[in-house]
Amino acid sequence: MYRLVFTQVLRRLDAEAVHHRTVRALALLARLPLLKRLLHRALAPHDPALRVSAFGVHFPGPLGLAAGFDKDAACAEGIAALGFSHVEVGTITAHAQPGNPRPRLFRLVPQRAVINRMGFNNAGAAAAARRLRRTRGVPVVVGVNIGKTKVVPEAEAADDYVASAKELAPLADYLVVNVSSPNTPGLRDLQAVTLLRPLLSAVKEVADGTPRRTPLLVKIAPDLADEDVDAVADLAVELGLDGIIATNTTIRHGGETGGLSGRPLKARSLEVLRRLRAKVGDRLVLVSVGGVEDVDDVWERLLAGATLVQGYTGWIYGGPLWASRIHRQLSRRVRRHRLSSITEIIGRTA
Ligand SMILES: Cc1cc2nc3c(=O)[nH]c(=O)nc-3n(C[C@H](O)[C@H](O)[C@H](O)COP(=O)(O)O)c2cc1C
């Protein structure tokens, strides 16, 4: 059914217009308590065997929505009601900014991929904080992903991240320092250990200072050289971070300027996960994202050492019930393998 709607209607519409309409619909859903709860009961993961604990936070299942969809923390409850175990909102910057000129979002349907050069369009940390303070009607784990405001020079990057962290860390179940999006000039240079160490140390001080101590993760690019992946992993362990999210979009493609996501990213994302697991074992929580399309992909990432898995492009092509379907299939697979918890497979092939 969704395939028909996608091929006949959605793919003919402007990709960003569809995106904004979907966010608005999910934000509206969040304001309809009865429908929201009914959907949540029907679609969210409720199987105790799918529960995952990571950095002191309890997730009802392993599969969450990656950053970039709910940039302004406008509709996390609606997303949870559709079956995602967690929602990473953002990227949020300290100051509101419009992002890059349109068009900036392109579907590559035959490749099951997307290219985007959104450029962190968002209403800023204070606006996101106001939304995150609203009480919730359904349980949802919310990660908050922060990035650098475009006009802020590299020398002041740490202060800019710290400003966002002060505003948002107290409201987040976990906080992510994003240094890997390709659409803010110079951002990915912050992955160099010499720049990353002071940046992460400063944000960690803020995250550690919240009443519940907010877990802190860093999100990395798939285009890092293997030695640089290792260097970031070592740094994350040294600084006592809680985890690494791998990976963001890739700039290694021949299409429109921007970051490529979806199926073509799958192999490299898995490779980076395997490398990280070999390097850090279970000292850090690994969150795997990039090209996850179906239950087999989620299973493979868990086996390779991910504790949590995220997707975005797979949802665009898989339809609104994508996460709910995968969680149901995971439940069946857990039973078939006679496991009492899905966590038993984490890192088994690592
Ligand atoms: C339209 C779009 C916008 C994105 N925006 C962000 C963002 O703001 N911050 C971020 O960390 N990642 C962002 N991403 C990257 C995703 O979170 C994810 O890392 C990447 O798309 C790979 O996963 P996928 O293949 O499942 O889409 C974006 C991806 C897409 C497709």
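Look up: the structure comes first, before these words.
Conventions adopted
- Residues numbered from 1 in each chain as written.
- Predicted model: local features only at pLDDT ≥ 70, side-chain atom pairs only at ≥ 80, totals over all residues.
- Heavy atoms only, no water.
- Helix = DSSP H or I, 4+ residues; strand = E, 2+ residues; numbered from the N terminus.
- Rg over C-alpha atoms; globule rule 2.2 N^0.38 Å.
- Buried < 20%, exposed > 50% of the residue type's maximum accessible area, 1.4 Å probe, protein only.
- Contact = heavy atoms within 4.5 Å.
- Areas by Shrake-Rupley, 256 points an atom, 1.4 Å probe, with all protein chains shown as cover.
- Lys, Arg positive; Asp, Glu negative; His and termini not counted.
- Charge placed at Lys NZ, Arg CZ, Asp CG, Glu CD.
- Patch = residues over 30% accessible without salt bridge, like charges linked within 9 Å, V, L, I, M, F, W, Y side chains within 5 Å.
- Salt bridge = Lys/Arg side-chain N within 4 Å of Asp/Glu carboxyl O.
- 1 Å grid on protein atoms, 1.4 Å probe; cavity = no way out; pocket = protein on both sides within 12 Å on 5 of 7 lines; lining within 4 Å.
- Points joined across faces, edges and corners; volume = space filled by probe spheres on them.
- Nonpolar A, V, L, I, M, F, W, Y, C, P; charged D, E, K, R; others polar.
- Axes fitted to C-alpha atoms, helices over the stretch in contact; angles between N-to-C directions.
- Parallel < 35°, antiparallel > 145°, perpendicular 65-115°, else oblique.
- Left-handed = near helix turned anticlockwise from the far one by under 90°.
- Expected span 1.5 Å × (residues − 1).
- Pairing = 2+ DSSP bridges.

Details of the overall build of the protein
Right, on to step 1. Within the protein, the regular secondary structure consists of 12 helices and 13 strands.
Right, on to step 2. Radius of gyration (C-alpha) of the protein: 19 Å, near the 20 Å computed for a compact globule of 350 residues.
Right, on to step 3. If one aligns the C-alpha atoms of the protein with their principal axes, the spans along those axes are about 50 × 45 × 45 Å.
Right, on to step 4. Here the protein, with 350 residues, has 61% of them falling under the buried criterion.
Right, on to step 5. The contacts in the protein between residues at least 6 apart in sequence include a share of 74% that link residues at least 24 apart.
Right, on to step 6. As displayed, the protein has an accessible area near 14600 Å², and 53% of this comes from carbon and sulfur atoms.
Right, on to step 7. Distance between charge centroids for the protein: 9 Å, based on 48 positive and 33 negative side chains.

Observations concerning a nonpolar patch on the surface
Right, on to step 1. Where nonpolar side chains cluster on the molecular surface, the patch consists of Leu28, Leu32 and Leu35 and spans about 250 Å² of accessible area.
Right, on to step 2. Mapped onto the elements of the fold, Leu28 is located in helix H2 (residues 15–30).
Right, on to step 3. Looking at Leu28, the relative accessible area reads 47%, which means it is partly exposed.

What about the layout of surface pockets?
Right, on to step 1. The computed volume of the second largest pocket comes to approximately 360 Å³.
Right, on to step 2. Forming the walls of the second largest pocket are 21 residues, and the residues nearest its centre are Tyr2, Arg3, Arg112, Tyr317 and Gly318.
Right, on to step 3. The set of elements that each furnish at least two residues to the lining of the second largest pocket consists of helix H1 (2–8), helix H11 (313–318) and helix H12 (322–336).
Right, on to step 4. Among the residues making up the lining of the second largest pocket, the classes are represented as 9 nonpolar, 7 polar and 5 charged.

Things to note about the pattern of salt bridges
Right, on to step 1. Under the definition given, this model contains 19 salt bridges.
Right, on to step 2. Across the pair Arg263 and Glu293 runs a salt bridge, and its minimum N-O distance is 3.0 Å. Of this pair, Arg263 sits in the loop between strand S11 (259–262) and helix H9 (266–280) while Glu293 sits in the loop between strand S12 (285–289) and helix H10 (295–303), and the two are 30 residues apart along the sequence.
Right, on to step 3. Lys266 serves as the salt-bridge partner of Asp297, at 2.9 Å between the closest nitrogen and oxygen.

With respect to empty space enclosed by the protein
Right, on to step 1. Overall, the coordinates contain 1 cavity of 30 Å³ or more when judged by the stated rule.
Right, on to step 2. Of the pockets and cavities examined, the largest cavity occupies roughly 480 Å³.
Right, on to step 3. Lining the largest cavity are 34 residues; nearest its centre among them are Ala67, Asn116, Asn248, Thr249 and Tyr312.
Right, on to step 4. Of all elements in the fold, only strand S4 (86–92), strand S6 (113–116), S11, strand S13 (308–311) and H11 reach the threshold of two or more residues within the lining of the largest cavity.
Right, on to step 5. Grouping the amino acids of the lining of the largest cavity by side-chain chemistry returns 12 nonpolar, 20 polar and 2 charged.

What to know about the packing of H10 against H12
Right, on to step 1. Look at H10 against H12: their axes get within 9 Å of each other, and the N-to-C directions meet at 60°. By the angle between their axes, H10 is oblique relative to H12. Remark: the crossing between H10 and H12 carries right-handed chirality. Contacts between H10 and H12 involve Val295, Asp296, Val298 and Trp299 on the former and, on the latter, Ile326, Gln329, Leu330, Arg333 and Val334.

Focus on helix H6 (residues 157–168)
Right, on to step 1. Between its first and last C-alpha atoms H6 spans 17 Å; for 12 residues at 1.5 Å apiece the expected length is 16 Å, and the two agree.
Right, on to step 2. What H6 keeps buried is the set Ala157, Asp160, Tyr161, Val162, Ser164, Ala165 and Leu168.
Right, on to step 3. In this structure, the buried residues of H6 make contact with S4, helix H5 (125–132), strand S7 (141–146), strand S8 (174–178) and helix H7 (193–208).

Some remarks on the sheet that holds strand S5 (residues 105–108)
Right, on to step 1. The 3 strands are arranged S5-S6-S11 in an open sheet whose pairing can be described as antiparallel. The open sheet has two edge strands, S5 and S11, and neither has a second partner. For this sheet the average axis-to-axis angle between neighbouring strands, irrespective of direction, equals 25°.
Right, on to step 2. The pairing of S6 with S11 spans 4 bridges and is antiparallel. Bridge pairing links Asn116 to Gly259 in S11.

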